[in-house]
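Here is how the chains run, residue by residue.
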Amino acid sequence: MIKLKNLERSYPLAKEKFFYVLRDINLEVEEGDFVSIMGPSGAGKSTLLHILGMHDHGWRGEYFLGGTAVHHLKPKERATLRNEQIGFVFQQYHLLDDLTVYENLDIPLSYRHYKKSERAAMVADMLDRFQIVGKKDLYPSQLSGGQQQLVGVARAIIAEPKLLLADEPTGNLHSSQGEEIMELFCKLNEQGMTIVQVTHSEKNASYGKRVIQLRDGWIVKGE
Amino acid sequence: MQTFLQDLRFGFRMLRRTPGFSVLAILCLTLGIGTNAAALSWIEGILIRPYPLVAHQDRMFALNCTTRGAQGFTGLSYPDFLDLEKNSTLFESFIIDKITGTTLSNGDRAERAVGGMVSANYFDALGVRPILGRGFRPEEGTGRNAHPVTVISYMTWKNRYKGDPDIIGKTQYMNGVQHTIIGVAPERFHGTFIGYSFNFWVPTSMQETFDNTGYKLEDRGARWIEGYAFLKPGVTQQQAHAELSAIAKRMENDYPQTDRGREVGLLPLWKTPFNAAGGISTTLGITAAVVFFVLLIACANVSNLLLARSLLRRHEMTMRLALGAGRRRLIRQLFTEGLLLSMIAALGGIAVAYWSRNALVLAFPPSVPGITIDYPGQLDWRVLLLSVAICIGSTMLFALMPAIQSSHIDLSGALKSEGAGVIGGHGRSRLRSALVLVQVSLSFVLLAGTGLLLQSLQRMQNTSPGFFTHNVIVSVVDLFSAGYKLDRAKIFHTQLLDRVRALPGVESAALARIIPFSYNPPSSAPIEIDGYQTAPDEQPNADYVQVSEDYFSTLGIPLVAGREFTRNDDENAPPVTIINETMAAKYWPGKDPIGQRLKVKDNWMQIVGVAKNANYETKLEAPRSFFYVPVRQNFFVGNALLIRTRETPGAITNALSREVHALDPTLAPYAADRLQEQVDGRGYTQRLAVTLLAIFGGMALFLATIGLYAVMSYSVSQGTHELGLRMALGANAGNLLRLVLSHGLRLTTVGILIGAIAAFVLTRLMGNLLYKVSPRDPLAFGLAFVVITLASLAACFLPAWRATRIDPVQALREQ
Ligand SMILES: Nc1ncnc2c1ncn2[C@@H]1O[C@H](COP(=O)(O)OP(=O)(O)OP(=O)(O)O)[C@@H](O)[C@H]1O
Ligand SMILES: [Mg+2]
């Protein structure tokens, strides 16, 4: 599903000097895999995830997604590919405060080619699947952290992506809430979704199938 | 006081710390306060206190003489004037000030001069003392042509006489009579006629010399006097008015022949019916409203800027509150800072006003040599006081809301959430949106108004006045000023007309006592009609003009019945007249007026023709009864030449000069002009209104656009996180562009809606400036809609484009 070859990411420091956040990353993730990326703070985990999620385009190297050479795609084509294939879960949930649960779920659909009626059906279906029908008219501030992240996950998968990326999805949650999310991920993975998550906790990593250790921009284990 | 100074010092520091904000805010306010101060100075200087050297202008009123049941001002006769003066008790004085003109030769060139025929008490009643010599003595007002004395203006003294210190006692040749210069008026005294700066004054005794329609001082039927009255201190306008009405009633009984239906009243100076006040007061009223709108928009802008800045100063405010400052204290501090802004702006604004106080004159056509158009603004203490009030008032407007908002920081929450999701968000941003709404709607009103005026100006220019204007050239040989008597003038004009008709390129030529659309009104007279039953109180009246043969063909006024005057309609032939359609319809409804009779001044005339209606003085005038009489049966010394030709005015002037010179080497004609210029000249109030509204409307639009831009860029910068997130969730550039633009356009649309409703109500007040345009004209409203939509698209586009450039990783990281 994912194949990275000699991928690197750097930020300009001063004149002609660069700060390398990721170096010579080579990585393969099979379809149906559940990978956890671990490593100390500042190792470049989020950076890697944003590159995979095609939010960041300032990298060099090769990135194949399901056989497509992303590094050869134009920004517009990348956006299309991303919208078709990838869902993203954030540590801080990043729900829009002024929109209800229902409307938050509708956002990704509104940016893809769905008809109005289809969208309503998909949102209703998702509310149902996550058992949050009763909360659909509430605003994010009226939900607990766990509930908010539940909505965050629902929003990430509502457009039926093949690949789910999650950057410390349980980082802001109590352990019991975290477990709930992890079990949800397992279930999604069983249904065939490829998952790449960033986590600091061994326990969360244990839900996955394998672990990749990142340190100072290098993959030190699990290539 | 101590704390005020402290706040002021701190305010200064804050202004210096955010120079961009300060400059923008002060600029907006300077525009707002400056335009208001300028408009106030115009209203003060032109309408409220137009005569700066006159002591008690608050007790000075224009004498308004009217005919019962008829529109418009008619003059007062000299005997009536004397009766008013004699029989009234509530008045300090009455003065006559009748505008007149003459031609002054200045070496080899002829120059026009405007002056006043004034009652002998003129300078004393006004409290104006000549700087050299004296004013008129009481006896100089009476005696037919007995006192050829004149007071000249400061400008005339300086320019024409090079400031000659021994000018008193020297003579000036005017209208064939040697006048002794007895005084020089002060520099700031320009007479008492709004619109013109007078060059000289002569006493009423010289009326016949300066009026080419004859001697009138003993004729109760001749209404020519324009004048003013000063009330005694403590007398109200109502009381004075009542006394005048009573006297007029008595005169009506005593002299029914001449005074039936005559009424005399008082009007405040700004409504003076016989000078430019009436024309310009609506324009200035609208200008005042418009600049007030500009001020509101400017205030909304500054309010917006302050709100944006208050977010940056949240920390400071939180600290102050935490350290125990009361909300009231906080509001006062912010208010002081606002006051500081507007005080600086007020200084700038007053400078702007001072600099533009005489700017109105620029909208008028370049004047004839010798004549000075005069529309002076006046920056006196009243205007300054009002400007300061405006400054404080606008501070209230723009500073108070942000101050109250800022002081309402929730201390416990202040450090927690820093308010995300501003696109379509809450509280503060809603207030800012409301301000933009106000700006957009005010701009809409102004633009719609400008559109209406532009359209009516265009219609006015495109509407025919009922006669040819482009290939008709007018010129005047001022025989009256040259001292010609009637017989000589008659011969001269007859010969000149023959010579002009023989000039190559001249298709036809005619004489007329006055040119259509000139500042000289047509004659007006009571009429009597065979077989027409008058109502008990009615005195039929009609305007008329003396014209020669070929007048109608030269001007292209069609005759709907009968014939034109011929050369044979002279003093030896029976009196004839041509009436217009309105008159025919009024007095001979359903009948053929040809062959019917009309009596004017004991003189029965037979109607030989009916002419199509034309405009006589302005295009705005209502159709009225009008008739023409042959100039050869009613000759006057002064006549104008109307020449139908394809030649240029320059060529005609040269040819005409030669012909005039051949007839009398001492004479020269005025430079010839197309009749079109004459017609355009009467449309200048409209043009002035359009110019002012376009300038201020443009300003308003500019300010509103800036305001919208500021709000949009602010909300985009506040919404960076949300926009980045949306991008991460799959939004492309188009989605974000649409999101921001639609937010901006939603504001604009609501603003336009409110503006359209307001404009519906307000444009009706422009009534008498509009010409053949409905105050709800869809084109003007549509145009305003398009312009504002385009402007707001432009204002929103840059922020929207910036939104698409947001780096989602960065935006999400910053949270
Ligand atoms: N825009 C940027 N400019 C310069 N350096 C950056 C930028 N963005 C990230 N970095 C640096 O890249 C490195 C990796 O950051 P990243 O967010 O990927 O770390 P992380 O592994 O996710 O850490 P954490 O566990 O704390 O989330 C950090 O040292 C960070 O300072
Ligand atoms: Mg991270």
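None of the values given here were measured: they were computed from a predicted structure.

What about the overall build of chain B?
Here is step 1: A count of helices and strands for chain B gives 23 helices and 23 strands.
Here is step 2: Overall size of chain B, expressed as C-alpha extent along the three principal axes, is 105 × 55 × 55 Å.
Here is step 3: Long-range contacts, defined here as pairs at least 24 residues apart, represent 80% of the contacts in chain B between residues at least 6 apart.
Here is step 4: Total accessible area on chain B is roughly 34300 Å²; 59% of this is exposed by carbon and sulfur atoms.
Here is step 5: Across chain B, 76 positive and 62 negative side-chain charges occur, with their mean positions spaced 12 Å apart.

A look at the packing of helix 1 (residues 2–17) of chain B against helix 2 (residues 19–48) of chain B
Residues and elements named next belong to chain B.
Here is step 1: Closest axis-to-axis distance for the helix 1/helix 2 pair is 5 Å, and the angle between their directions is 105°. Here helix 1 is positioned roughly perpendicular relative to helix 2, judged by the angle of their axes. Contacts between helix 1 and helix 2 involve Leu15, Arg16 and Arg17 on the former and, on the latter, Pro19, Phe21 and Ser22.

Brief notes about the site of ligand 1
Here is step 1: Every one of the 14 residues lining ligand 1 counts as a neighbour, but A:Ser41, A:Gly42, A:Lys45, A:Ser46 and A:Thr47 are closest to it.
Here is step 2: Site remark: ligand 1 is flanked by residues from chains A and B.
Here is step 3: Interatomic distance of 3.2 Å between a backbone N/O atom of A:Ala43 and an oxygen atom of ligand 1.
Here is step 4: Isolated, ligand 1 exposes 640 Å² of accessible area, and the fraction of that covered by the protein chains is 70%.
Here is step 5: Contributions of two or more residues to the shell around ligand 1 are made by strand 2 (18–29) and helix 1 (45–52) of chain A together with helix 23 (808–813) of chain B.
Here is step 6: It is helix 1 of chain A that provides the largest number of residues to the shell around ligand 1, a total of 3 residues.
Here is step 7: When grouped by side-chain class, the residues that make up the shell around ligand 1 number 4 nonpolar, 7 polar and 3 charged.

Structural notes on the packing of aromatic side chains
All names here are of chain B.
Here is step 1: Taken as a whole and assessed by the stated rule, the structure comprises 33 aromatic pairs over all chains.
Here is step 2: Each ring, one from Tyr484 and one from Phe492, has its centre 5.7 Å from the other, and the planes form 75°; the classification is edge-to-face. Considered together, Tyr484 and Phe492 belong to a single accessibility category, that of buried residues.
Here is step 3: Put simply, the rings of Tyr122, Phe123, Phe136, Phe189, Phe193, Tyr196, Phe198 and Trp201 pair up and form one aromatic cluster.

Examining the pattern of salt bridges
All names here are of chain B.
Here is step 1: Using the criterion set out here, one finds 41 salt bridges over all chains in the structure.
Here is step 2: Across the pair Arg68 and Glu263 runs a salt bridge, and its minimum N-O distance is 3.3 Å. Highlighted residues: Arg68 in the loop between strand 1 (60–67) and helix 3 (78–87) and Glu263 in strand 11 (residues 262–268), separated in sequence by 195 residues.
Here is step 3: Judged by its relative accessible area of 34%, Glu263 is partly exposed.
Here is step 4: Arg144 serves as the salt-bridge partner of Glu208, at 2.7 Å between the closest nitrogen and oxygen. With Glu208 in helix 6 (residues 207–210) and Arg144 in the loop between strand 4 (132–133) and strand 5 (149–152), this pair connects stretches of sequence that are 64 residues apart.
Here is step 5: Here Glu208 falls in the partly exposed class, since its relative accessible area comes to 24%.
Here is step 6: Counted as one network, the salt bridges with shared partners bring together Asp80, Asp83, Lys86, Arg220, Arg223 and Asp259.

Focus on a nonpolar patch on the surface
Residue and element names in this part refer to chain B.
Here is step 1: Where nonpolar side chains cluster on the molecular surface, the patch consists of Tyr709, Phe797, Leu798 and Trp801 and spans about 390 Å² of accessible area.
Here is step 2: It is helix 22 (residues 778–804) that contributes the most residues to the nonpolar patch, 3 residues altogether.
Here is step 3: You can see Trp801 is positioned in helix 22.

Concerning the sheet that holds strand 2 of chain A
Residue and element names in this part refer to chain A.
Here is step 1: Spatially, 4 strands are ordered 2-1-4-5 in an open sheet, and the strand pairing comes out antiparallel. Of all strands in the sheet, those bounded by a partner on one side alone are strand 2 and strand 5 (68–69).
Here is step 2: Sheet topology places strand 1 (residues 2–12) next to strand 4 (residues 59–65); 6 bridges connect them, and they run antiparallel. Residue pairing in the sheet places Glu8 in a bridge with Arg60 of strand 4.
Here is step 3: Together, strand 1, strand 2 and strand 4 form the strand contacts of helix 1, whose direction differs from that of strand 1 by roughly 120°.

Remarks on the nonpolar core
Here is step 1: The biggest cluster of nonpolar side chains holds 166 residues, and the ones touching the most others in it are A:Ile2, A:Tyr63, A:Leu65 and B:Trp201.
Here is step 2: Broken down by element, the residue count for this core peaks at 16 residues, all from helix 19 (residues 684–718) of chain B.
Here is step 3: Three or more residues apiece are contributed to this core by two domains, here domain 1 (2–40 + 285–461 + 684–719 + 733–742 + 753–790) and domain 2 (69–260) of chain B.
Here is step 4: A:Ile2 has contacts with A:Leu27, A:Glu28, A:Val29, A:Leu52, A:Tyr63, A:Phe64, A:Leu65, A:Leu163 and A:Val196, leaving out every residue within four places of it along the chain.
Here is step 5: Counting 39 residues, the second largest nonpolar core, distinct from the first, contains B:Phe91, B:Tyr161, B:Ile167 and B:Leu266.

Observations regarding the interface of chain B and chain A
Here is step 1: Each partner contributes to the interface: chain B provides 21 residues, whereas chain A provides 18 residues.
Here is step 2: For the chain B and chain A pair, buried surface summed over both sides reaches about 1700 Å², with 57% attributable to carbon and sulfur atoms.
Here is step 3: Per-residue buried area on chain B facing chain A is highest for B:Arg726, B:Leu729 and B:Val809; these three make up 34% of the total on that side.
Here is step 4: Here chain B and chain A share 0 salt bridges between them.
Here is step 5: Scanning the region where chain B abuts chain A turns up 6 residue pairs in polar contact (both at pLDDT 80 or more).
Here is step 6: Of all the elements in the fold, those that place two or more residues in the side of chain B that touches chain A are helix 20 (720–728) and helix 23 of chain B.
Here is step 7: No other element matches helix 20 of chain B, which puts 6 residues into the side of chain B that touches chain A.
Here is step 8: Residue composition of the side of chain B that touches chain A, by class: 10 nonpolar, 7 polar and 4 charged.

Observations concerning unusual backbone geometry
All names here are of chain A.
Here is step 1: Unusually for a residue other than glycine, Tyr93 sits at a positive phi of about 60°.
Here is step 2: For Glu160, which is not glycine, the phi dihedral falls at a positive 55°.
Here is step 3: Tracing the sequence through the fold places Glu160 in the loop between helix 5 (145–157) and strand 7 (163–167).

Observations regarding the sheet that holds strand 3 (residues 34–38) of chain A
Residue and element names in this part refer to chain A.
Here is step 1: Across the sheet, which stays open at both edges, the 6 strands sit in the order 6-7-8-3-9-10 with mixed pairing between neighbours. Looking along the sheet, the strands with just one partner apiece sit at the ends: strand 6 (86–89) and strand 10 (218–221). Neighbour to neighbour, the strand axes of the sheet diverge by 25° on average, direction disregarded.
Here is step 2: One ladder, built from 4 bridges, connects strand 3 with strand 8 (residues 194–198); its direction is parallel. Pairing of Ser36 across the sheet is with Gln197, part of strand 8.
Here is step 3: Contacting strand 3, strand 6, strand 7, strand 8 and strand 9 (210–215), helix 1 crosses the sheet at an angle of about 155° to strand 7.
Here is step 4: Lying on the sheet, helix 5 is in contact with strand 6 and strand 7; it crosses strand 6 at an angle near 165°.

Quick notes on the side chain of B:Thr469
Residue and element names in this part refer to chain B.
Here is step 1: With respect to the helices, strands and loops of the structure, Thr469 is situated in the loop between helix 13 (427–462) and strand 13 (472–476).
Here is step 2: According to the relative accessible area criterion, Thr469 is buried, its value standing at 8%.
Here is step 3: A polar side-chain atom of Thr469 sits 2.5 Å from a polar atom in the side chain of Gln676.
Here is step 4: Setting aside residues up to four positions removed in sequence, Thr469 forms contacts with Arg674, Leu675, Gln676 and Val679.

Some remarks on the side chain of B:Asn301
Here is step 1: Within the secondary structure, B:Asn301 sits in helix 9 (residues 277–312).
Here is step 2: Aside from chain neighbours lying at most four places away, what touches B:Asn301 is B:Cys28, B:Gln439, B:Leu703, B:Ile706 and B:Gly707.

So, the domain arrangement of chain B
Here is step 1: Looking at the assigned domains, one finds that chain B contains domain 1 (2–40 + 285–461 + 684–719 + 733–742 + 753–790), domain 2 (69–260) and domain 3 (478–669).
Here is step 2: Between the C-alpha centres of domain 1 of chain B and domain 3 of chain B there is a distance of 54 Å.

Details of the pairing of strand 16 (residues 541–547) of chain B
Residue and element names in this part refer to chain B.
Here is step 1: Burial analysis of strand 16 places 6 of its 7 residues in the buried class, the great majority of the element.
Here is step 2: Of the pairings in the sheet, the one linking strand 15 (residues 523–529) to strand 16 comprises 4 bridges and is antiparallel in character. What sits directly across from Ser523, in strand 16, is Tyr544.

Re helix 5 of chain A
Here is step 1: Between the first and last C-alpha of helix 5 of chain A there are 19 Å, a value that for 13 residues agrees with the 18 Å anticipated at 1.5 Å per step.
Here is step 2: Most of helix 5 of chain A is tucked away, with 11 of its 13 residues classed as buried.
Here is step 3: Buried residues of helix 5 of chain A: A:Gly146, A:Gln148, A:Gln149, A:Leu150, A:Val151, A:Gly152, A:Val153, A:Ala154, A:Arg155, A:Ala156 and A:Ile157, and no others.
Here is step 4: The inward-facing, buried residues of helix 5 of chain A abut strand 6, helix 3 (101–110), helix 4 (116–129), strand 7 and helix 6 (175–190) of chain A together with helix 20 of chain B.

Scoring rules and cut-offs
Residues numbered from 1 in each chain as written. Chains lettered and ligands numbered in written order. Predicted model: local features only at pLDDT ≥ 70, side-chain atom pairs only at ≥ 80, totals over all residues. Heavy atoms only, no water. Helix = DSSP H or I, 4+ residues; strand = E, 2+ residues; numbered from the N terminus. Contact = heavy atoms within 4.5 Å. Areas by Shrake-Rupley, 256 points an atom, 1.4 Å probe, with all protein chains shown as cover. Lys, Arg positive; Asp, Glu negative; His and termini not counted. Charge placed at Lys NZ, Arg CZ, Asp CG, Glu CD. Axes fitted to C-alpha atoms, helices over the stretch in contact; angles between N-to-C directions. Parallel < 35°, antiparallel > 145°, perpendicular 65-115°, else oblique. Near = heavy atom within 4 Å. Polar contact = N/O pair within 3.5 Å; in protein donor to acceptor, adjacent residues only side chain to side chain. Nonpolar A, V, L, I, M, F, W, Y, C, P; charged D, E, K, R; others polar. Phe/Tyr/Trp six-rings, centres within 6.5 Å; stacked < 30°, edge-to-face > 60°. Buried < 20%, exposed > 50% of the residue type's maximum accessible area, 1.4 Å probe, protein only. Salt bridge = Lys/Arg side-chain N within 4 Å of Asp/Glu carboxyl O. Patch = residues over 30% accessible without salt bridge, like charges linked within 9 Å, V, L, I, M, F, W, Y side chains within 5 Å. Pairing = 2+ DSSP bridges. Core = buried A, V, L, I, M, F, W, Y, C linked by side-chain atoms within 4.5 Å. Domains from an automatic or database assignment. Buried area = accessible area lost by both parts, 1.4 Å probe. Expected span 1.5 Å × (residues − 1).

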